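Here is what each chain is made of, one letter per residue.
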Amino acid sequence: MAGNPERRAALVDAGVEVLAREGARGLTFRAVDAAAGVPVGTASNYFTGRDDLLRQIDARLHVRLAPDPEVFGKLMAGPRDRSLVTAFMHDLMARATRDRSGYLALLEMRMEATRRPELRASFTTSVRGDLQDGMDFHRETGLPGGDETVVVLYLAMLGLILEHLTLPGVLDGVLPGVGVPEGLVERIVTTVVPDGGGKPA
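Residues numbered from 1 in each chain as written. Predicted model: local features only at pLDDT ≥ 70, side-chain atom pairs only at ≥ 80, totals over all residues. Heavy atoms only, no water.

Caption draft 1: Up close: helix α7 (residues 117-140). Along its 24 residues, α7 runs 34 Å from first to last C-alpha, staying within 8% of the 34 Å computed at 1.5 Å per residue. Among all positions of α7, only Leu119, Phe123, Ser126, Leu131, Met135 and His138 are buried. Looking at the buried positions of α7, the neighbouring elements they touch are α3 (50-64), α5 (82-98), α6 (100-113) and α8 (147-166). Phi turns positive one or two residues past the end of α7, at Gly142, with a value near 75°. (Helix = DSSP H or I, 4+ residues; strand = E, 2+ residues; numbered from the N terminus. Expected span 1.5 Å × (residues − 1). Buried < 20%, exposed > 50% of the residue type's maximum accessible area, 1.4 Å probe, protein only. Contact = heavy atoms within 4.5 Å.)

Caption draft 2: Spotlight on the packing of aromatic side chains. Overall, the coordinates contain four aromatic pairs when judged by the stated rule. Between Phe72 and Phe137, the ring centres sit 5.7 Å apart and the planes meet at 50°, which makes this aromatic pair tilted. With Phe72 in helix α4 (residues 69-75) and Phe137 in helix α7, this residue pair connects regions lying 65 residues apart in the sequence. On the accessibility criterion, Phe72 (30% relative accessible area) is partly exposed. Exposure remark for Phe137: the relative accessible area of 26% places this residue in the partly exposed category. Taken together, the aromatic side chains of Phe72, Phe88 and Phe137 make up a single cluster linked through ring pairs. For Arg8, the ring lying beneath its charged end belongs to Phe47, and the centroid distance is 5.8 Å. (Phe/Tyr/Trp six-rings, centres within 6.5 Å; stacked < 30°, edge-to-face > 60°. Lys NZ or Arg CZ within 6 Å of the ring centre and 35° of its normal.)

Listed below in structure tokens is the structure:
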């Protein structure tokens, strides 16, 4: 297989765009080549098949959707209380909204995983690892609440992001006077995360 890392990264990012726009059925090497603006046959030199491409898209999305280290560092300077959790959730929503294609591709990966057992196994491990990291981080940094808080917060934010990126009209005016999505983020955290804090900054 070809070994140009910059070209490979560009092809994977093109795959993200195709997956977000066309769904898994539209994710062909020809479509990736077209999206990347490279000659037909290029992607086939970099990936052994669609499963290989999907695995690399999964890895790439972890990078694209990860927190910005500078923003994360500034947030961590504050007290370990509910307001910090709120700031983290606002940052999560902002990242999902800013990289809409990346998050939609992640949702398409979930759907494709229901049809492909090997992908389901690897993707389940990947997503469960992210959730476990979130629980570990919450516990180790002394944020309010425990593992149950993190799991419920994860489920609530997943639902909010899904609706906001796919059917935003569903949430418009659902709670009068509460903005979408910012106000709903605030309501989720207030409802799920106990008041008070843990470790000082």
